[in-house]
Amino acid sequence: MKIIDGKAISASVRKTLIGRAADFEKKYGRKVGLSVVKVGANPASEVYVRNKILACEEVGVKSFSYNLPEEVSERELLELIDALNDADDVDGILVQLPLPSHINEKKILARITPEKDADGFHAVNAGGLMLGLPCTKPCTPAGIIELIKSTGETIAGKNAVVVGRSNIVGKPCAMLLLAENATVTICHSKTSDLASFTRRADILVAAVGIKQFVTGDMVKDGAIVIDVGMNRNEGKLYGDVDFASVSKKASYITPVPGGVGPMTVTMLLKNTVESAFRCKEN
Ligand code: GUN
C-alpha cells in the first residue's frame, strides 16, 4: 500500500502556480486577486478560510478578506458580490459555505459572475462540466483527479464508485471521473447494500461525512481509495475511511489530514490564476 501524499503533490502544483502568478503580475502590472467572503464564525470555516488565505500568500495571489457578521442580510451580501463582480483587481470570488440559514445559498452562488467563480459552483460552470465545455471545476473533485493521476494508474475503463452526491463533491467528482472514461457509480445514503457496490470499485471516493464509515471489508483488494472526509471529533480530524483496516486492502490511499484537503486549496488557487489569465486574454 502506498500513501498518496496530498501535501507533496500540492507543493509541486503550487510551485508552478507561483511562476504563473508572477507571469501575470509582470504582464498586467498587478497581482492575481481572490476575494474570500466568510459569514459568521463556523469553526470549520474559520480553519478552511485561514488555510486559503495563507495559500494565497504562498503563491503570490492577493487575497481580499471579508468577515461578515452572522446577522448580515442577504441583500448586503448580494451587494458585496455585485461590487466584487465589478472590481477590476478581483479575479476570483469565494463565499465560504455553509451560510447562515436566513441567507439563500443558491441565490448567493448564482450572483457570482461565472468568470470569477473560483469554486466552480455556479450553474453555468456546473452545466459546463456536465456538457464537457471549458469551465471552472469544483476544487475538491479537481484535486481528487490530480491525486488519482499522481499514482500513474490509468482511470479509463476502471470501475469508479463515488459515495456521496453533494453538489460540491460527489456529483462533480462523478462527472470528472466519467470525463476520464471511468465507469462511474454514485452511491448515497439511500443506496441499499452499499458494500456490494464499493467492493467492485477499482477507484473508491468516500465523501459521506461520517467518521471512519468505509471499512476494510467494503473495499476491493488493490483499490485506489480517496478519503474526502473532514470529521472533527474532540479536536482530532478523522476521514470517512477507517484507515487502519482499509490501508490493508488498498493499493493507494489518501491520508486525513494531508490528502484531499491541501489539494482542494491548491485547486482553488489554480482556478483563480487561470480565471485571471482567461479574463485578460479573451
Ligand atoms: N465549504 C466546504 N467546502 C467548501 C468549498 O470547497 N468551498 C466553499 N466555498 N465552501 C466550502
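One can find the structure itself at the top, above this paragraph.
Analysis parameters
Residues numbered from 1 in each chain as written. Predicted model: local features only at pLDDT ≥ 70, side-chain atom pairs only at ≥ 80, totals over all residues. Heavy atoms only, no water. Pairing = 2+ DSSP bridges. Helix = DSSP H or I, 4+ residues; strand = E, 2+ residues; numbered from the N terminus. Contact = heavy atoms within 4.5 Å. Axes fitted to C-alpha atoms, helices over the stretch in contact; angles between N-to-C directions. Near = heavy atom within 4 Å. Polar contact = N/O pair within 3.5 Å; in protein donor to acceptor, adjacent residues only side chain to side chain. Areas by Shrake-Rupley, 256 points an atom, 1.4 Å probe, with all protein chains shown as cover. 1 Å grid on protein atoms, 1.4 Å probe; cavity = no way out; pocket = protein on both sides within 12 Å on 5 of 7 lines; lining within 4 Å. Sits in = over half its atoms within 2 Å of the grid points. Points joined across faces, edges and corners; volume = space filled by probe spheres on them. Nonpolar A, V, L, I, M, F, W, Y, C, P; charged D, E, K, R; others polar. Core = buried A, V, L, I, M, F, W, Y, C linked by side-chain atoms within 4.5 Å. Buried < 20%, exposed > 50% of the residue type's maximum accessible area, 1.4 Å probe, protein only.

> Would you explain the sheet that holds strand β7 (residues 203-206) in this entry?
In sheet architecture, strand pairing relies on hydrogen bonds along the backbone and comes in two forms, parallel and antiparallel. With parallel pairing, 6 strands are arranged side by side in an open sheet as β1-β11-β8-β7-β5-β6. Two strands close off the open sheet at either side, each with one partner strand: β1 (2-3) and β6 (183-187). When β1 meets strand β11 (residues 252-253), the two strands line up parallel, connected through 2 bridges. Across the sheet, residue K2 finds its bridge partner in β11, namely Y252. Each of β5 (159-163), β6 and β7 touches helix α7 (residues 170-179); the most contacted strand, β5, lies at about 170° to it.

> Is there a simple way to explain the sheet that holds strand β2 (residues 33-39) in this structure?
Across the sheet, 3 strands lie side by side as β3-β2-β4; this open sheet has parallel pairing. Where the open sheet ends on each side, the last strands, each with one partner, are β3 (62-68) and β4 (92-95). Pairs of neighbouring strands in the sheet enclose a mean axial angle of 15°, with direction left out of account. Strands β2, β3 and β4 of the sheet are contacted by helix α2 (residues 43-59), whose axis makes an angle of about 165° with β2. Contacting β2, β3 and β4, helix α3 (residues 74-86) runs over the sheet at an angle of about 175° to β2.

> Where do I start with the site of the ligand in this structure?
Every residue lining the ligand is accounted for by K52, V95, Q96, L97, D119 and F121. Residue L97 places a main-chain N or O atom 3.0 Å away from a nitrogen atom belonging to the ligand. The contact in question runs from a nitrogen atom of the ligand to an N or O atom on the side chain of D119, over 2.6 Å. Relative to its unbound accessible surface of 280 Å², the ligand loses 84% to contact with the protein. When atoms are counted within 2 Å of each cavity's grid points, the one that captures over half of the ligand is the largest pocket.

> What's the story with empty space enclosed by the protein in this structure? I'm lost.
The method is simple in principle: a probe with the dimensions of a water molecule rolls over the atoms, and the space it marks as empty is what remains. Counted under the stated rule, the structure contains 1 cavity of 30 Å³ or more. If you add up the space inside the largest cavity, you get close to 40 Å³. Among the residues making up the lining of the largest cavity, the classes are represented as 3 nonpolar, 4 polar and 1 charged.

> Whenever I open this one, the nonpolar core confuses me. Can you help?
Nonpolar side chains tend to gather and get buried jointly when the protein is soluble and globular. Within the largest apolar cluster, 50 residues are counted, with the highest numbers of intra-cluster contacts made by I144, L177, V205 and I226. Ranked by the residues each element gives to this core, the list is headed by helix α10 (residues 260-281), at 9 residues. Core analysis: the second largest hydrophobic core is formed by 21 residues, V39, V72, L77 and L78 among them.

> Can you help me understand the layout of surface pockets in this one?
Each pocket or cavity is described by its volume, and for the largest pocket that value is around 1200 Å³. What lines the largest pocket is a set of 50 residues, among which Y48, T140, M230, G261 and T264 lie closest to the centre. Listed by contribution, the elements that provide at least two residues to the lining of the largest pocket are α1 (6-28), α2, β4, α6 (139-149), β9 (231-233) and α10. Class assignment for the residues of the lining of the largest pocket results in 28 nonpolar, 14 polar and 8 charged.

> I'm lost on α7 in this one. Help?
Because an α-helix completes one turn every 3.6 residues, residues spaced three or four positions apart along the sequence face the same direction. Here α7 has its buried residues at G170, P172, C173, A174, L176 and L177. At its buried positions, α7 is contacted by α5 (123-131), α6, β5, β6 and β7. With its phi angle positive at about 70°, N181 sits one or two positions after the end of α7.

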